[in-house]
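Spelled out from the first residue to the last, the chains are:
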Amino acid sequence: MPSLDLLLLLLYLLFSIAIVSIIPPPHKWKGLLSSSLLFYYFLAGDKIIFLLLFSFTIYCLGFLIKRYPAKTWLFISLALAPLILIKVITPDFHFRHLTSVKNNYLSETNSSIIQVLGISYFTFNGISYLIDIKRKYIQPEKNFLLVLIYLIYFPCILSGPLHRAKYLFSQFRQISITDSSISSGLRLILIGLFKNIVVGKRLSALLQNLVSTEISGPCYLIAGLLFFFYLYFNFSSFIDIFQGISKIFNINLKDNFRNRIYLSFSRQHFWQGWHITLNEWFRDYFFFNLAKQDRKRRYTNAILLITFLLIALWHEVSQIFLIWGLMNASWIIIEKKVNLEALPYPGVRRKLGVVYHLMLASVLALVFVSPDLTSLIHRVFLSPGNFPDYFFRNNLNNIAIIIGAFLLVDYHYSKAGTIKFDEYVGSKPLISRWFIYTQLALLIIAFGITNGVDNYYVQF
Amino acid sequence: MRVKKSVFKLILFTSIISLIAFCFIRQYATSRKNTLIYTFFRQSLQATDTSYYFIGSSRVQTSIDPEVLKQTLGNKHIYNAGISGGTLLSNCIIARRLMQNKSPKVLFIELTPMLPEVPDYLLKHQDDLNLEIFGTANQLLSHLNFLSKCRLLLQLANKYVTSKLFIVDEVRNLMRINVEKTEGHFGFQPISENKYHSVTPFLKFQDFNNYNDKGSVARYQQYINELLKLGHQSNSKIVFFLPVTFRSEDEKETTIPIYKSLPDSTKLQMPEVLLKSMENASYLADNNHLNLAGAKVYSHLLAVQLLPFIKKE
């Protein structure tokens, strides 16, 4: 699995802070651009030239689209077709490391531009920039370097969150480093590291241990549940880290996850708080476009289905993801038909809803922890139910640490409510703040599984 | 920019955490000089007779019983130097350290993928054992361009720094968790259980025809050559061998073509009869390791293949 070395992240941060500090205010963003480019070069080598070329193409297309708005989609298709093609012709089973040891071999060919640079996010930002020009939300930016930093801003391009150009351009122009921005940023980085290194990595290890046993039948659902939590802790943690890095420069990246998303009481409720910026992107640039044509709202469900299939296929053109997209869309459509919100006893309904959602989400997640559909069916339905009794015995320490760490994160998020972790900690008295910092830092060095920050979504 | 306050706070915070960690490590760290690996290296570096070492991962730890080999081959200088989490890079590091003793020796090295990783256990002991981790990596990677080399050395540096910073082992000692397993990181480690009931993990003779990826051969040739050159310079013979179990197809894809490309004099033969005899689910501890019964059978079978390399005393 791609992993960002802690040392690399630290070097990036220190280098960026140093370079931004010495550049005068109106040009500080150029410092951030330089550090982004340098680290891309370090990770991807000469392949960075392709990214620069694509960025320049998008920059030029901005002016063409302003002049010929009717040809927007033609321009976008022509410009981004190579990227989409690369994505389609280089499929990989993204969750393979859970079912086999996908080795990260030591070789020169290690840094695939797709894996390292997260071309998905580059493409999403490129399309967003061009469509916003077509819709006249923004004017084409005259400064190529500003478009470039929007497209390849180092933390964001790896795995989001996604932003509209207008949202980031203004922030890039006002970059500054202050005491409060450093404190806020470091708080987010701290909780991100805790979630990734202590909870996420331990969940991943536990899951790998579980799927390598001969577990079968309904017990196999536990693997799905572990994967669901693993994905949340992994994905949300590096969003926290990237938000934290950006926050140091007073850049506010959008939230991508609702606090305590695992307590969603329905699939609709879940999707409102999961990978928020990607969903907004599909909603704004795809779903609404189609929905506009359907004035009588006859095909809303069909459009929803197509949107989910597209989201799934963007992750990977494979049978597994197609099924995942289909199941997600069907689930939401069924929920809408049943209208869960209309059921009586809202308190009880919500509590039972959490159990119902977690169970079905675990079923859905099973698709990813199995090498293929046939072996999944065989393991769940055709094999006799079996849960290896030694599993709990052998993994007791890991399970205890995961539960303790999870409860700690959940406690903080329950107290934070809807506000971000950095604001929540910032509102506490000095002693409490330092207690939280020390507690998290000590737990990281005492229980963290080291190396780096696993970055799952960089693969997409 | 007003960041003096932040710098002061960061220094204070880092100092508090470092102080706590330092006190903790002093109190609960295992005395490195009493460990099996320390004793092993001290004795190996003083050896004058021809010695035979099996270097590799936990699969070597669990599958090669040196006592069986000693009895069967009539030589008492046979050692299992397998290490938990071992990679080809860590194998090279251990081999290089053993080569510092100029007395004749044969190093049997397990072929595994060249991961840019070194087991934490080795990193923790590297200062006491004088292991040249970065020197070995630098030498092995000498054929790479500057950027690729930097990238991989940074990964190693990251691993080194985090192994020093994190205190997971000390916490285990404090909580008395897995104390009996502390020595389980190095040397022969038999497992009596049989928790896996399928023959899928075993290497099969037809696998030699199924995997032909030339790419991995070209990539690994440089590493292999470097190692053979080092062995030649230090009176050591290097012999590569394949593990008898594999956890993944990816690993087979990488290592089998390399094994096939090696000249017969630098590899242990894996005849069909050996692989067929091993293909028994009751020999497995889990999906990647042999259990004690498997290790006994495998060591006896392996002894026959070792005859051209190991002399009777």
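Small disclaimer: the values here were computed from a predicted structure and weren't measured. (Residues numbered from 1 in each chain as written. Chains lettered and ligands numbered in written order. Predicted model: local features only at pLDDT ≥ 70, side-chain atom pairs only at ≥ 80, totals over all residues. Heavy atoms only, no water.)

Draft legend 1. Broad picture of the overall build of chain A. What chain A contains, in helices and strands, is 21 helices and two strands. Scored against the burial criterion, the 460 residues of chain A give a buried share of 58%. Taking the contacts inside chain A whose residues are at least 6 apart along the sequence as the reference set, 80% of them involve residues at least 24 apart. (Helix = DSSP H or I, 4+ residues; strand = E, 2+ residues; numbered from the N terminus. Buried < 20%, exposed > 50% of the residue type's maximum accessible area, 1.4 Å probe, protein only. Contact = heavy atoms within 4.5 Å.)

Draft legend 2. The arrangement of helix α7 (residues 133–140) of chain B in detail. Residues and elements named next belong to chain B. Buried within α7 are the following residues: I133, T136, A137 and L140. When α7 is viewed along its axis, its buried side chains cluster within an angular range of 95° and face the same direction. In this structure, the buried residues of α7 make contact with α5 (88–98), α6 (120–129), α8 (146–165) and α11 (214–233). (Arc of directions from axis to C-beta.)

Draft legend 3. Summary view of unusual backbone geometry. Residue and element names in this part refer to chain A. A positive phi angle is found at R260, which is not glycine, with a value near 55°. As for its placement among the helices and strands, R260 is situated in the loop between α11 (221–248) and α12 (267–273). For R260, a relative accessible area of 27% gives the class partly exposed.

Draft legend 4. The arrangement of the packing of α11 of chain B against helix α12 (residues 249–261) of chain B in detail. All names here are of chain B. Direction vectors running N to C along α11 and α12 enclose 65°, while the axes themselves pass 9 Å from each other. The handedness of the crossing between α11 and α12 comes out as right-handed. Of α12, the residues touching α11 (which contributes S216, V217, Y220, Q221 and I224) are E253, T254, P257, I258 and S261. (Axes fitted to C-alpha atoms, helices over the stretch in contact; angles between N-to-C directions. Left-handed = near helix turned anticlockwise from the far one by under 90°.)

Draft legend 5. Representation of the interface of chain B and chain A within the structure. Listed per partner, the contact involves 57 residues of chain B and 53 residues of chain A. Together chain B and chain A conceal approximately 4600 Å² of surface at their shared face, both sides included; 62% is due to carbon and sulfur atoms. For the interface between chain B and chain A, the tally reads zero salt bridges. Our enumeration of links across chain B and chain A arrives at six residue pairs in polar contact (both at pLDDT 80 or more). (Buried area = accessible area lost by both parts, 1.4 Å probe. Salt bridge = Lys/Arg side-chain N within 4 Å of Asp/Glu carboxyl O. Polar contact = N/O pair within 3.5 Å; in protein donor to acceptor, adjacent residues only side chain to side chain.)

Draft legend 6. Here's a closer look at the pairing of strand β3 (residues 105–110) of chain B. Residues and elements named next belong to chain B. The buried fraction of β3 amounts to six of the six residues, a majority that puts the element mostly inside the structure. Of the two faces of β3, both are covered, the one formed by K105, L107 and I109 as well as the one formed by V106, F108 and E110. The sheet contact formed by strand β1 (residues 51–56) and β3 spans five bridges and is parallel. Looking across to β3, one finds that F54 is bridged to F108. (Pairing = 2+ DSSP bridges.)

Draft legend 7. Inspection of the confidence of the model for chain A at higher detail. Residue and element names in this part refer to chain A. Taken over all residues, the pLDDT of chain A has a mean of 84, while the share at 70 or more is 89%. Within chain A, the element-level pLDDT minimum falls on helix α5 (residues 113–117), averaging 44, and the maximum on helix α20 (residues 421–426), averaging 95. Segment residues 91–118 is flagged for pLDDT under 50; beyond a separation of four residues in sequence, or across chains, it makes 102 contacts in the model. (pLDDT = per-residue confidence, 0-100.)

Draft legend 8. Layout of α5 of chain B. A large share of α5 of chain B lies buried, amounting to 11 of its 11 residues. Of all the positions in α5 of chain B, only L88, L89, S90, N91, C92, I93, I94, A95, R96, R97 and L98 of chain B are classed as buried.

Draft legend 9. Layout of the packing of aromatic side chains. Taken as a whole, this structure holds 61 aromatic pairs over all chains when the rule is applied. Centroid distance F56 of chain A to F144 of chain A: 5.3 Å. Interplanar angle 80°. Geometry classified as edge-to-face. On the criterion of sequence distance, the pair formed by F56 of chain A in helix α3 (residues 48–67) and F144 of chain A in helix α7 (residues 144–152) is long-range, its members being 88 residues apart. The class for F56 of chain A is partly exposed, based on a relative accessible area of 41%. Above the plane of the ring of Y68 of chain A lies K71 of chain A, whose end atom (NZ or CZ) is 5.7 Å from the centre. The ring centre of Y259 of chain B lies 4.8 Å from the NZ or CZ of K267 of chain B, which sits over that ring. (Phe/Tyr/Trp six-rings, centres within 6.5 Å; stacked < 30°, edge-to-face > 60°. Lys NZ or Arg CZ within 6 Å of the ring centre and 35° of its normal.)

Draft legend 10. Highlighting the domain arrangement of chain B. For chain B, the domain assignment lists domain 1 (1–29) and domain 2 (31–306). Placing the centre of domain 1 of chain B and that of domain 2 of chain B at their C-alpha centroids yields a distance of 38 Å. (Domains from an automatic or database assignment.)

Draft legend 11. Local environment of the sheet that holds strand β4 (residues 236–241) of chain B. Residues and elements named next belong to chain B. If you trace the four strands from one edge of the open sheet to the other, you get β2-β1-β3-β4, paired in parallel fashion. Of all strands in the sheet, those with a lone pairing partner are β2 (78–82) and β4, marking the two edges. Adjacent strand axes in the sheet meet at a mean angle of 20°, parallel and antiparallel pairs treated alike. For β1 and β2, the ladder comprises five bridges, and the chain directions are parallel. Among the inter-strand pairings, G56 is bridged to a residue of β2, identified as G82. Against the sheet, helix α4 (residues 66–73) engages β1 and β2, with an angle of about 155° to β2.

Draft legend 12. Examining the environment of L221 of chain A more closely. All names here are of chain A. Looking at the secondary structure, you find L221 in helix α11. Residues L221 and I245, 24 residues apart in the sequence, show an inter-C-alpha distance of 36 Å. Residues in contact with L221, not counting those within four places in the same chain, are M359, S362, V363 and L366.

Draft legend 13. Examining a positive patch on the surface more closely. Among the surface-exposed residues, K66, K134, K136, K142 and K292 of chain A lie close enough to one another that they form a single positively charged patch. One can find K142 of chain A in the loop between α6 (119–134) and α7. (Patch = residues over 30% accessible without salt bridge, like charges linked within 9 Å, V, L, I, M, F, W, Y side chains within 5 Å. Areas by Shrake-Rupley, 256 points an atom, 1.4 Å probe, with all protein chains shown as cover. Lys, Arg positive; Asp, Glu negative; His and termini not counted. Charge placed at Lys NZ, Arg CZ, Asp CG, Glu CD.)

Draft legend 14. How the structure looks around the side chain of N101 of chain B. Residues and elements named next belong to chain B. As for its position among the elements, N101 is in the loop between α5 and β3. Among the polar contacts made by the side chain of N101, one reaches the main-chain carbonyl oxygen of A47 at a distance of 2.9 Å. Filtering out sequence-adjacent residues up to four positions away, N101 remains in contact with S44, L45, Q46, A47 and S234.

Draft legend 15. Structural context of the pairing of β4 of chain B. All names here are of chain B. The buried count for β4 comes to five of six residues, which makes it a mostly enclosed element. Here β3 pairs with β4 via six bridges, running parallel. When the sheet's bridge partners are listed, E110 is paired in β4 with F241.

Draft legend 16. Region of interest: the nonpolar core. If you look at the biggest cluster of nonpolar residues, it comprises 158 residues, and the most contacted ones within it are Y129 and F172 of chain A. If you tally residues by element for this core, the top one is α11 of chain A, at 16 residues. Ignoring anything within four residues of it in the chain, the contact list for Y129 of chain A reads I58, G62, I138, P140, E141, V147, Y150, A165 and F169 of chain A. Formed by 78 residues, the second largest nonpolar core is a distinct cluster that contains I109, L140, F208 and I258 of chain B. (Core = buried A, V, L, I, M, F, W, Y, C linked by side-chain atoms within 4.5 Å.)

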